[in-house]
Amino acid sequence: MKANKKRIILSALSLVLVFCLLAGGTMAWFTDTEKVAGNFSAGILDIEVNPDPENENFTTTKPMEFKNLRPMLLENFDKELVRYDAETETFADVNNLENNNQDPKNYGDNLPIYFRPVRVENRGTLPIYIHLGMNATAGNDTEPVLYGDNKYEIDQGLYEDKTCENTLEDALKIFVYKWVPNPDNEEEGEWERIENVNLNKETATSSEKICYDPTDVISAGEEVTYIIGGYLPSTADNKYQGQHYHGALEVTAQQADLGPYPHNETGEDPAEFVVNVPVQIADQSDPSNPDYLTGVDYIPMTFEKGTSIASADEITRQLTEFLAKNLIEGKQWQLYGTIPTQFDIVYNAETGEYEALFEKIGDKEVEFLLVSVLPV
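In what follows, the accompanying structure is described. This one's a predicted model, so the numbers in the text were calculated from it and none came from an experiment.

**Overview of the packing of aromatic side chains**
Then, in step 1: Scanning the model with the defined rule gives 14 aromatic pairs in all.
Then, in step 2: Their ring planes at 80° and their centres at 5.6 Å tell us that Phe115 and Tyr177 sit as a pair that is edge-to-face. Of this pair, Phe115 sits in strand 3 (residues 115-122) while Tyr177 sits in strand 7 (residues 173-182), placing them 62 residues apart in sequence. Both residues of the pair, Phe115 and Tyr177, count as buried.
Then, in step 3: Against the face of Phe175 rests Arg193, its NZ or CZ located 5.4 Å from the ring centre.

Laid out in structure tokens, this is it:
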């Protein structure tokens, strides 16, 4: 019996050895292992804003100066912008000096500056989308007080300057222009205003976004240039002369994986709005030979929010007030006769302004309001 027990034990040991040898045989194939180092580093998201491309002055501390703004029609304002000068690689004076016979030699320091180029460079290593917005800031200067007792003339020096209150904020529109290349020749193109964008929250309407979120990716090492325009609508009156707006243009960036910025904030429609009504004023002192006066092409009229039709009574009231407050050709006038018709008020989404739309006379389009006057 003892011998049998030994045999069983040996058999068990033999089985163990066999399995071990089989396992060792499996590992006998030739193998090789190599190691590759794995180093991980995050990309860099870094932009630089340059408001002074001509001097390669990359700094966000140099302010953009807009000077001597004047009320204008939007279509004329857009024409003031010149093309980029590829030969000199500068934006020159940005203003079209020939458009209104503006000569720098005559203007000197008073040369109007309505536009400023801003270049955004992606100095990081990641592709990005950017966002442009504007926030009002406090001014540490003063604004002139120009009103005297004469309702027809501006008096300077009658009162001391007041502390700057950003008074121009209530009238100023801040536009963004982008370069659109010619599809037939990419070296040529033109600056195009971004429709329905007004960076000034105070004057933006419900149809205007208060920021600009481009949908073009800026790759690492690339740059893009936009132009900022400071526009005073033709409805801005004398109280805005010499007034200021101080603001900070803020450019932010996010990695392209997130897509373009989704901002859709818009302004709010004011309780009142202004319509620049095209007029032709005729002196009816000699009814058989009316004398058509010059100097007034548009008369601003104010209406309550939601008004779609200007009645003849309302037109007459506002014309009477306008003539009482303003000189035309150095004289004061009074309304003569009655206003023949009312007009519709329509909103032009392209210009962001309200317009007067007159009824046809037969098949003839009516483009202005005929206003008859007599000298006072």
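From this point on, the discussion continues.
**What about a negative patch on the surface?**
Then, in step 1: On the surface, Glu190, Glu192, Glu195 and Glu350 cluster together into a patch of negative charge.
Then, in step 2: Among the structural elements, Glu195 can be located in the loop between strand 8 (185-193) and strand 9 (211-212).

**Section: the pairing of strand 10 (residues 223-233)**
Then, in step 1: When you tally the buried positions in strand 10, you get nine out of eleven residues, the bulk of the element.
Then, in step 2: The pairing of strand 2 (residues 71-72) with strand 10 spans two bridges and is classified as parallel. Bridge pairing in strand 10 places Met72 opposite Pro233.
Then, in step 3: In this sheet, strand 10 lies alongside strand 3 in antiparallel orientation, the contact comprising seven bridges. From the neighbouring strand, Val118 faces strand 10, where its bridge partner is Tyr226.

**Here's the deal with the environment of Asn135**
Then, in step 1: With respect to the helices, strands and loops of the structure, Asn135 is situated in strand 4 (residues 128-136).
Then, in step 2: For Asn135, a relative accessible area of 30% gives the class partly exposed.
Then, in step 3: When the C-alpha positions of Asn135 and Ile210 are compared, they lie 10.0 Å apart, and in sequence the two are 75 residues distant.
Then, in step 4: A polar atom in the side chain of Asn135 sits 3.1 Å from the side chain of Glu250.

**Looking at the layout of surface pockets**
Then, in step 1: Here the second largest pocket defines a volume of roughly 570 Å³.
Then, in step 2: Lining the second largest pocket are 20 residues, and of these Leu73, Glu75, Tyr298, Thr351 and Glu355 sit closest to its centre.
Then, in step 3: Residue assignment for the lining of the second largest pocket shows that the elements contributing at least two residues are helix 2 (74-79), strand 12 (272-283) and strand 18 (353-357).
Then, in step 4: Among the elements that line the lining of the second largest pocket, the one with the most residues is strand 18, at five residues.

**Examining unusual backbone geometry**
Then, in step 1: For Asn166, which is not glycine, the phi dihedral falls at a positive 55°.
Then, in step 2: Mapping Asn166 onto the fold places it in the loop between strand 6 (162-163) and strand 7.
Then, in step 3: A relative accessible area of 8% places Asn166 in the buried class.
Then, in step 4: For Glu329, which is not a glycine, the phi torsion comes out positive at approximately 55°.
Then, in step 5: Looking at the element boundaries, Glu329 is found in the loop between helix 4 (312-325) and strand 16 (333-335).
Then, in step 6: By relative accessible area, which is 45% here, Glu329 ends up partly exposed.

Reading the values: rules and limits
- All chains use their own residue numbering, which begins from 1 and follows the written sequence.
- In keeping with the predicted nature of the model, local features appear solely for residues at pLDDT of at least 70, side-chain atom pairs appear and are counted solely at 80 or more, and the whole-chain, interface and lining totals rest on all residues.
- Hydrogens and water molecules were not included; the side-chain quantities draw on all heavy atoms of the structure.
- Aromatic pairing here means that ring centres of Phe, Tyr or Trp (its six-membered ring) are within 6.5 Å. Orientation follows from the plane angle: under 30 degrees is stacked, over 60 is edge-to-face, and everything else is tilted.
- Put simply, DSSP marks the helices as runs of H or I at least four residues long and the strands as runs of E at least two long, and each gets a number from the N terminus on.
- When a residue's accessible area, from a 1.4 Å probe over protein chains only, is under 20% of the maximum for its type it is buried; when over 50% it is exposed; and in between it is partly exposed.
- Distance and angle both matter: a charge sits over a ring if NZ of Lys or CZ of Arg is within 6 Å of the ring centre and within 35 degrees of the ring normal.
- Patches draw on residues past 30% relative accessible area with no salt bridge. Two like charges within 9 Å are joined, as are two nonpolar side chains (Val, Leu, Ile, Met, Phe, Trp, Tyr) within 5 Å.
- The protein chains shown are the only cover counted for residues, whose accessible areas, like all others here, come from Shrake-Rupley with a 1.4 Å probe.
- Salt bridge criterion: a side-chain nitrogen from Lys or Arg within 4 Å of a carboxyl oxygen from Asp or Glu.
- Positive charges come from Lys and Arg, negative ones from Asp and Glu, while His and the chain ends are left out of the count.
- Every charge is mapped onto a representative atom, which is NZ of Lys, CZ of Arg, CG of Asp or CD of Glu.
- Any two strands with at least two DSSP bridges between them are considered paired.
- Polar contacts, as counted here, are pairs of nitrogen or oxygen atoms within 3.5 Å of one another; within protein the pair requires one atom able to donate a hydrogen and one able to accept it, and residues that are adjacent in sequence qualify only if both atoms are side-chain atoms.
- For cavity detection a 1 Å grid was placed over the protein atoms alone, and a set of points counts as a cavity when a 1.4 Å probe fits there but cannot get out; an open set counts as a pocket when protein lies on both sides within 12 Å along at least five of seven lines, with lining residues being those that have an atom within 4 Å of a point.
- Grid points are joined across faces, edges and corners, and a volume is the space filled by probe spheres set on the points.

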